[in-house]
Amino acid sequence: MDWLERAAKLRQWSRDGVRAPHKPLLLLYALGRFQADAGDELPYSAVEADLKRLLVEYGPPRGTTPAYPFHRLVSDGVWEVRTEHGAGSPGTGVRELRASRATGRLAPDLRAALRREPSLLGRMARVLLDLHFPASLHQDLCDAVGLELELAETDALAAPGRRQRDRRMREMVLTAYEYQCAFCGYDGMIGAAPVGLEAAHVRWWAFDGPDDVDNGLCLCSLHHKLFDKGVLGIGDGHRVLVSQQFIGRSPAAREHVTALSGRPLMGPQPGSPPISAAHRSWHTSQVFHGSPRPTAFAEVSRIPSGNPPGIPGTDTSD
């Protein structure tokens, strides 16, 4: 049985280029959950909220109930649904799925194939990502469904004792920073879904960085990339560092990068932990390039204690 072909040929309503990523999103979500805990059944009551968020953020503008792919994916041979009455889905009705305590999971033959050939999980995920989403969204989607793609393309299944990613980190960090970039204040949304905002690890996950708020920053896509490339960092007093090695002559480069030097971080909100000194120190020594530029934040020497003028929610304490 060619599982890659099945992933590539999911039955979807299609006409005149209209997007229908509902089944691919559910299958990616199921692959991520299988990677974390192979074989667990997924209650519709839990999947509904998660899939609704995925559809809002990565689906088309028109709304569709998560019940549709939960029921319809069965017909593609990669998914099964059971209720308290036995095998089989009660249909696409939300009330029926909830009332019957419906659960779903990858089809038995697919689960067996993934155990025999763990790298199949990563190849299936790649097919779904490549066919239905632009490359710029692949990592965001993997983070949203809890899928570690690089691992999935090698050994895929979690080894006993291996650290597990916390899928809640993104939401916890974005909430702590009130859905705005800690460096520039960008806070764009489409409806209720943030767009271009990401949860950045200060100490990288690959180097024992935890999925905790005190190791996270809400950053816009540009500043996340620059932070991970060592152009930007965080110094004493939770102020932005800009590398002297960064060269940008345009007004845009000056406005969005060099002018940040010395600016206090925006957030986190009161009651949320600030970035740990140990994590800041790791980033400065292991990621940040060279020496920081002199401060470009014109008012930094005259700012009284508390929030700088015009920058609400800023914590200037160390």
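Placed above this text is the structure.
All chains use their own residue numbering, which begins from 1 and follows the written sequence. In keeping with the model being predicted, local features are shown solely for residues with a pLDDT of at least 70 and side-chain atom pairs are shown and tallied solely at 80 or more, while totals for entire chains, interfaces and linings include all residues. Hydrogens are left out, water is left out, and the side-chain values use all remaining heavy atoms of the structure.

## A short note on the sheet that holds strand E2 (residues 79-83)
Neighbouring strands of a sheet are bound in pairs by backbone hydrogen bonds; such pairs are parallel or else antiparallel.
Move 1: DSSP bridges decide pairing: two strands pair if at least two such bridges lie between them. Note on conventions: DSSP H or I runs of at least 4 residues are helices, E runs of at least 2 residues are strands, and numbering of each starts at the N terminus. Spatially, the 4 strands line up as an open sheet ordered E1-E4-E2-E3, and their pairing is antiparallel. Two strands in the sheet have a free side with no partner beyond their single neighbour: strand E1 (42-43) and strand E3 (86-87).
Move 2: As paired strands, E1 and strand E4 (residues 103-106) are joined by 2 bridges and run antiparallel to one another. Paired with Pro-43 across the bridge in E4 is Thr-103.

## Description of the pattern of salt bridges
Working definition: two side chains of opposite charge can pair if their charged atoms are close together.
Move 1: By salt bridge we mean one thing: a side-chain nitrogen of Lys or Arg within 4 Å of a carboxyl oxygen of Asp or Glu. Per the stated rule, a full pass over the model turns up 8 salt bridges.
Move 2: Its salt-bridge partner being Asp-76, residue Lys-23 comes within 2.7 Å of it at the nearest N-O pair. Remark: Asp-76 occurs in the loop between helix H4 (67-72) and E2 and Lys-23 occurs in helix H2 (residues 22-36); sequence separation between them is 53 residues. Neither Lys-23 nor Asp-76 differs from the other in exposure class; each is buried.
Move 3: The salt bridge involving Glu-80 is made with Arg-105; its shortest N-O contact spans 3.0 Å. On the criterion of sequence distance, the pair formed by Glu-80 in strand E2 and Arg-105 in strand E4 is long-range, its members being 25 residues apart. Note on exposure labels: buried denotes an accessible area under 20% of the residue type's maximum, exposed denotes more than 50%, and partly exposed covers the range between, all computed with a 1.4 Å probe on protein chains only.

## Brief notes about a nonpolar patch on the surface
Move 1: Taken together, the side chains of Tyr-186, Ile-190 and Val-195 present a nonpolar region at the surface, about 270 Å² in accessible area.
Move 2: With respect to the element layout, Ile-190 can be found in strand E5 (residues 189-190).
Move 3: Relative accessible area serves as the criterion here: at 61%, Ile-190 is assigned to the exposed category. Grouping into patches uses exposed residues only, defined as over 30% relative accessible area, and leaves out salt-bridged ones; the cut-off is 9 Å for like charges and 5 Å for nonpolar side chains (Val, Leu, Ile, Met, Phe, Trp, Tyr). Only the protein chains shown count as cover for residues, and all accessible areas are computed by the Shrake-Rupley method using a 1.4 Å probe.

## Points about the pairing of strand E8 (residues 216-220)
Move 1: With 5 of its 5 residues buried, E8 lies for the most part within the structure.
Move 2: Both faces of E8 are covered, namely the face carrying Gly-216, Cys-218 and Cys-220 and the face carrying Leu-217 and Leu-219.
Move 3: Bridge analysis of strand E7 (residues 197-201) against E8 gives 5 bridges, and the strand direction is antiparallel. By the bridge assignment for E8, Glu-198 is matched with Leu-219.

## Some remarks on the packing of aromatic side chains
Move 1: By convention, a stacked pair of Phe, Tyr or Trp rings (six-membered ring in the case of Trp) has centres within 6.5 Å and planes under 30 degrees apart, an edge-to-face pair has planes over 60 apart, and any other such pair is tilted. What the rule picks out here adds up to 6 aromatic pairs.
Move 2: An aromatic cluster of three or more residues is present, and its members are Tyr-44, Phe-70 and Trp-79.

## Considerations on helix H6 (residues 108-116)
Move 1: Here H6 has its buried residues at Leu-110, Arg-111, Ala-113 and Leu-114. Here the buried residues of H6 occupy an arc of 160 degrees about the axis, which is enough to place them on one side.
Move 2: Any two residues whose heavy atoms approach within 4.5 Å at even a single point are treated as in contact. Buried residues along H6 sit against helix H1 (3-8), H2, E2, E4 and helix H7 (119-132). As used here, the arc is the angular range of directions from the helix axis to the C-beta atoms.

Without other data, these values stay purely geometric and don't point to any function.
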